[in-house]
Amino acid sequence: MSEVKLAASVRKEFGKGAARRIRREDKVPGVLYGHGSDPVHITLPGHELLMALRTPNVLIALDIEGKNELAIPKAVQRDPLKGFLEHVDLLLVKRGEKVTVEIPVQTEGDLAPGGYLLEHVLNALPVEAEATHIPESVSVSVEGLEAGASVLAKDITLTKGVSLAVEADAVVLQVLAAQAEEPAAEGEGDEAAEA
């Protein structure tokens, strides 16, 4: 997993007006917390943070006015219409420390012929991994699966040092038979209209 370096500064102003001023400068207000320490309110560069957050569970090396910290994103708030970053919560981590995160589930292959549908019960798989070795995603083969088949969490191969943070029998993917609506028989529609 790659590490992204960002320079941050400690925020002295709080509230809606201060947050708007920060965003006008193409920066993002945030908070850094964890390890029993007091939360630190920070300001991050907007574009660099946006680019870093394109990688799921990215490891961010922060330089906060000369003090270096490692963090992973915990919660990201975006503007619902324009999509720009409004606020970010970062969780402090240490090298070698295990963290619980969700990694995206990607599928490979084609289902068996017959018009089956693949349902993603879990779009992201909860796992526990070392903070500096979090996998970007996990791949699952669905080649030849038919209706009624399912892929459980325990069936997914994880890299060394990564363990499940969900029950082993949790359904991640399942294959459903496509259902077509039956056309209404003649006369049924007339009875419904009379009632």
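Calculation criteria
Residues numbered from 1 in each chain as written. Predicted model: local features only at pLDDT ≥ 70, side-chain atom pairs only at ≥ 80, totals over all residues. Heavy atoms only, no water. Core = buried A, V, L, I, M, F, W, Y, C linked by side-chain atoms within 4.5 Å. Buried < 20%, exposed > 50% of the residue type's maximum accessible area, 1.4 Å probe, protein only. Helix = DSSP H or I, 4+ residues; strand = E, 2+ residues; numbered from the N terminus. Contact = heavy atoms within 4.5 Å. Salt bridge = Lys/Arg side-chain N within 4 Å of Asp/Glu carboxyl O. Pairing = 2+ DSSP bridges. Axes fitted to C-alpha atoms, helices over the stretch in contact; angles between N-to-C directions. Lys, Arg positive; Asp, Glu negative; His and termini not counted. Polar contact = N/O pair within 3.5 Å; in protein donor to acceptor, adjacent residues only side chain to side chain.

Engineer: What's the story with the nonpolar core in this structure? I'm lost.
Structural biologist: Nonpolar side chains tend to gather and get buried jointly when the protein is soluble and globular. By size, the foremost hydrophobic cluster in this structure holds 25 residues, and its most contacted members are Ile 72 and Leu 125. Among the elements of the structure, strand 4 (59-64), strand 5 (67-78), strand 6 (85-93), strand 7 (98-108), strand 9 (124-130), strand 10 (138-141) and strand 13 (171-177) are those that each provide at least two residues to this core. Counting residues per element, this core draws most heavily on strand 7, at 4 residues. Setting aside residues up to four positions removed in sequence, Ile 72 forms contacts with Val 58, Leu 59, Asp 89, Leu 90, Leu 91, Val 93, Val 99, Val 101 and Ile 134. Formed by 17 residues, the second largest nonpolar core is a distinct cluster that contains Ala 8, Leu 49, Ile 60 and Leu 62.

Engineer: I would appreciate a short explanation of the pattern of salt bridges in the present structure.
Structural biologist: Two side chains bearing opposite charge may form a pair once their charged atoms approach each other closely. Going through the model one piece at a time under the given rule, you end up with 2 salt bridges. For Lys 67, the salt bridge is made with Glu 69, and the minimal N-O distance between the two is 3.4 Å. Judged by its relative accessible area of 53%, Lys 67 falls in the exposed class. Two residues, Asp 169 and Lys 154, come together in a salt bridge whose shortest N-O distance is 3.2 Å. With Asp 169 in the loop between strand 12 (163-164) and strand 13 and Lys 154 in the loop between strand 11 (150-152) and strand 12, the pair connects residues that are 15 residues apart, well separated along the chain. Overall, the relative accessible area of 52% leaves Asp 169 in the exposed class.

Engineer: What exactly am I supposed to notice about the sheet that holds strand 4 here?
Structural biologist: Overall, mixed pairing links the 6 strands, which are arranged 1-3-2-6-5-4 in a closed barrel. Looking at each pair of strands side by side, their axes are set apart by 45 degrees on average, direction ignored. Note: strand 1 (residues 3-10) against strand 4, 6 bridges, orientation parallel. Looking at strand 4, one finds that Lys 5 is bridged to Ala 61. Most of the contacts of helix 1 (residues 16-24) go to strand 2 (residues 27-34), to which it runs at about 120 degrees, and overall it touches strand 2, strand 3 (37-45) and strand 6.

Engineer: Mind showing me how you'd approach the side chain of Arg 11 here?
Structural biologist: As for its placement among the helices and strands, Arg 11 is situated in the loop between strand 1 and helix 1. As a buried residue without a salt bridge, Arg 11 has its nearest oppositely charged side chain in Asp 89, at a separation of 7.5 Å. A polar contact is formed between the side chain of Arg 11 and the backbone oxygen of Ile 42, at a distance of 3.1 Å.

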